[in-house]
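Below, each chain spelled out in residue letters.
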Amino acid sequence: MPNTPELIDAVKSYNPDIDIAVVECAIEFAKDMHEGQTRSSGEPYYTHPVAVAGILADMKMDIGSILTAILHDTLEETQATFEELEKMFGKEVAELVDGVCKLNRIESKTIEGKQAENFRKLLLAMSEDIRVLLVKLADRLHNMRTFDGIKKPEKQRRIALETLEIYAPLSERVGVHAIKSELEDLAFGVLNPEARDSITKRLSFLRKEGTVVVDNIIEELNALFKESGIEAEITGREKTRYSVWKKLQRKNVAFEQLSDIMAFRIVVKSMEDCYAVLGLIHGRYHSVPGRF
Ligand code: MN
């Protein structure tokens, strides 16, 4: 459960000069305003905005974002007014909170395809200050993490779909990859829990077999390129359950054949190096026929 001291510590850790009193004041204000309200889990409501602020603190966001997160539901869900927020926390924060509130208001029906694209554009355009959108995304993430409280299956489905179609792509768009992956994974678990379980099992089987060896391969590649005097920056990752699932559907491969579970990115300085690196990799590893 998120708590106040943890949030304060997190904020202090990357911003030692921060005025902690104002953060505490915002938490007190949210606590007072949301008094008597509870989350569907039964927890007092203010734990939600504090947790949302915690997500943003993990991203080392500025004090304005942290305060906005703590206060993000006060305008909409409580008696608090814009003027009050402005007086206590300044115009900037009041406007940010108002911005989040506006985004919440246009949250609507389930949207797919072209409409989803338009809706994403609208949300982006309405977030004149990108922090508004970041608070909104962190809000959605915390709501998805605490999804169990939602009882009606139709509502669960609608929220999960919206998360997948709107908020995950938006997270990607604004560069918060960690939020995108987690949103996708959580929504996937709601929409298709059996598939997600099967992929989890398959991945842990492959891991046990020693097939998932991202670090070893990076090391191998580094050595390989060094021998040839090529400077390259290599990053690698294990694919997420949801991206594995998307691939399975796209390629229509059987589950037992699922082996494409790692991805690497190699950045070199010139086009010559790029082709040289490709040659080296093909010399060392077999390519899958028909897939290169
Ligand atoms: Mn909220």
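Everything here concerns the structure above.
In this report, we go over the structure that sits alongside the text. Note that the structure is predicted; figures quoted are calculated from it, not measured.

### Overview of the coordination of the manganese ion
Now for step 1: In the first shell of the manganese ion, the protein supplies His-48 (NE2), His-72 (NE2), Asp-73 (OD) and Asp-139 (OD), at 2.2 to 2.3 Å from the metal.
Now for step 2: Of note, the manganese ion draws all its donor residues from one chain, in the sequence arrangement H-x23-H-D-x65-D. Of the two residues, His-72 is situated in the loop between helix H4 (63-71) and helix H5 (74-77) and Asp-139 in helix H9 (residues 130-145); the sequence distance between them amounts to 67 residues. Each member of the pair, His-72 as well as Asp-139, is classed as buried.

### Topic: the side chain of His-72
Now for step 1: On the basis of relative accessibility, which here comes to 0%, the residue His-72 falls in the buried class.
Now for step 2: In terms of polar contacts, His-72 uses its side chain to reach the backbone carbonyl oxygen of Ala-69, at 2.7 Å.
Now for step 3: Only 3.1 Å separates the side chain of His-72 from the side chain of Asp-139, close enough to count as a polar contact.
Now for step 4: Contacts of His-72, omitting those with residues within four sequence positions, involve His-48, Pro-49, Val-52, Val-97, Val-100, Val-135 and Asp-139.

### Description of the nonpolar core
Now for step 1: Counting 80 residues, the largest nonpolar core has Leu-7, Leu-56, Ile-70, Leu-71 and Leu-85 as the members making the most contacts within it.
Now for step 2: Sorting elements by how many residues they give to this core places H9 first, with eight residues.
Now for step 3: When residues no more than four places from it in sequence are discounted, the contact partners of Ile-70 are Leu-7, Val-23, Ala-26, Ile-27, Ala-30, Pro-49 and Ala-53.

### A few points about the packing of helix H12 (residues 193-209) against helix H14 (residues 241-251)
Now for step 1: At their nearest, the axes of H12 and H14 sit 10 Å apart, and the two run at 105 degrees to each other. With respect to H14, the axis of H12 lies roughly perpendicular. Taken together, the residues of H14 that come into contact with H12 (itself represented by Ala-195, Arg-196, Ile-199, Thr-200 and Leu-203) are Arg-241, Val-244, Trp-245 and Leu-248.
Now for step 2: Its residues assigned to classes, the contact of H12 with H14 shows six nonpolar, one polar and two charged.

### Side note on the packing of aromatic side chains
Now for step 1: Tallied over the full model, the rule gives three aromatic pairs.
Now for step 2: Aromatic side chains Phe-188 and Tyr-242 sit 5.5 Å apart centroid to centroid with 65 degrees between the ring planes, which places their arrangement in the edge-to-face category. Placement of the pair is Phe-188 in helix H11 (residues 177-191) and Tyr-242 in helix H14, with a sequence separation of 54 residues. Taken as a pair, Phe-188 and Tyr-242 share a single burial class, namely buried.
Now for step 3: With centroids separated by 5.7 Å and ring planes inclined at 25 degrees, the aromatic side chains of Phe-188 and Trp-245 adopt a geometry described as stacked. Separated by 57 residues along the polypeptide, Phe-188 in helix H11 and Trp-245 in helix H14 bring together distant segments of the chain. You'll find Phe-188 and Trp-245 in the same group, each marked buried.
Now for step 4: Each member of the aromatic cluster is reached from another via a ring pair, and the members are Phe-188, Tyr-242 and Trp-245.

Scoring rules and cut-offs
Every chain's residues receive numbers from 1 upward, in the order its sequence appears when written. Since the coordinates come from a predicted model, pLDDT governs what is reported: local features require at least 70, and pairs of side-chain atoms require 80 or more to be given and counted, while whole-chain, interface and lining totals use all residues. As a rule here, side-chain values cover all heavy atoms of the structure and leave hydrogens and water aside. Only N, O and S atoms count as donors, using a 2.8 Å limit from the metal and a wider 3.2 Å limit for Na, K and Ca, and since water is excluded some coordination spheres may look unfilled. Secondary structure counts use DSSP, requiring at least four H or I residues in a row for a helix and at least two E residues in a row for a strand, with both numbered from the N terminus. Buried means the residue's accessible area, taken with a 1.4 Å probe over protein chains only, is under 20% of the maximum for its type, while exposed means over 50%, and partly exposed covers the values in between. Polar contacts here mean pairs of N or O atoms no more than 3.5 Å apart (in protein, one a potential hydrogen donor and the other a potential acceptor; neighbouring residues in sequence count only if both atoms are side-chain atoms). Between two residues, a contact is recorded if the distance between any of their heavy atoms is within 4.5 Å. Nonpolar core, defined: a set of buried Ala, Val, Leu, Ile, Met, Phe, Trp, Tyr and Cys residues in which side-chain atoms within 4.5 Å join the residues together. To get an axis, a line is fitted to the C-alpha atoms, and for a helix only the part in contact is used. The angle between two axes follows their N-to-C directions and goes from 0 to 180 degrees. The labels follow the angle: roughly parallel below 35 degrees, roughly antiparallel above 145, roughly perpendicular from 65 to 115, and oblique for the rest. Just so you know the grouping, Ala, Val, Leu, Ile, Met, Phe, Trp, Tyr, Cys and Pro go in nonpolar, Asp, Glu, Lys and Arg go in charged, and all remaining residues, Gly too, go in polar. Aromatic rings from Phe, Tyr and Trp, with only the six-membered ring used for Trp, were paired whenever their centres fell within 6.5 Å, and each pair was classed as stacked if the ring planes differed by under 30 degrees, edge-to-face if by over 60, and tilted otherwise.

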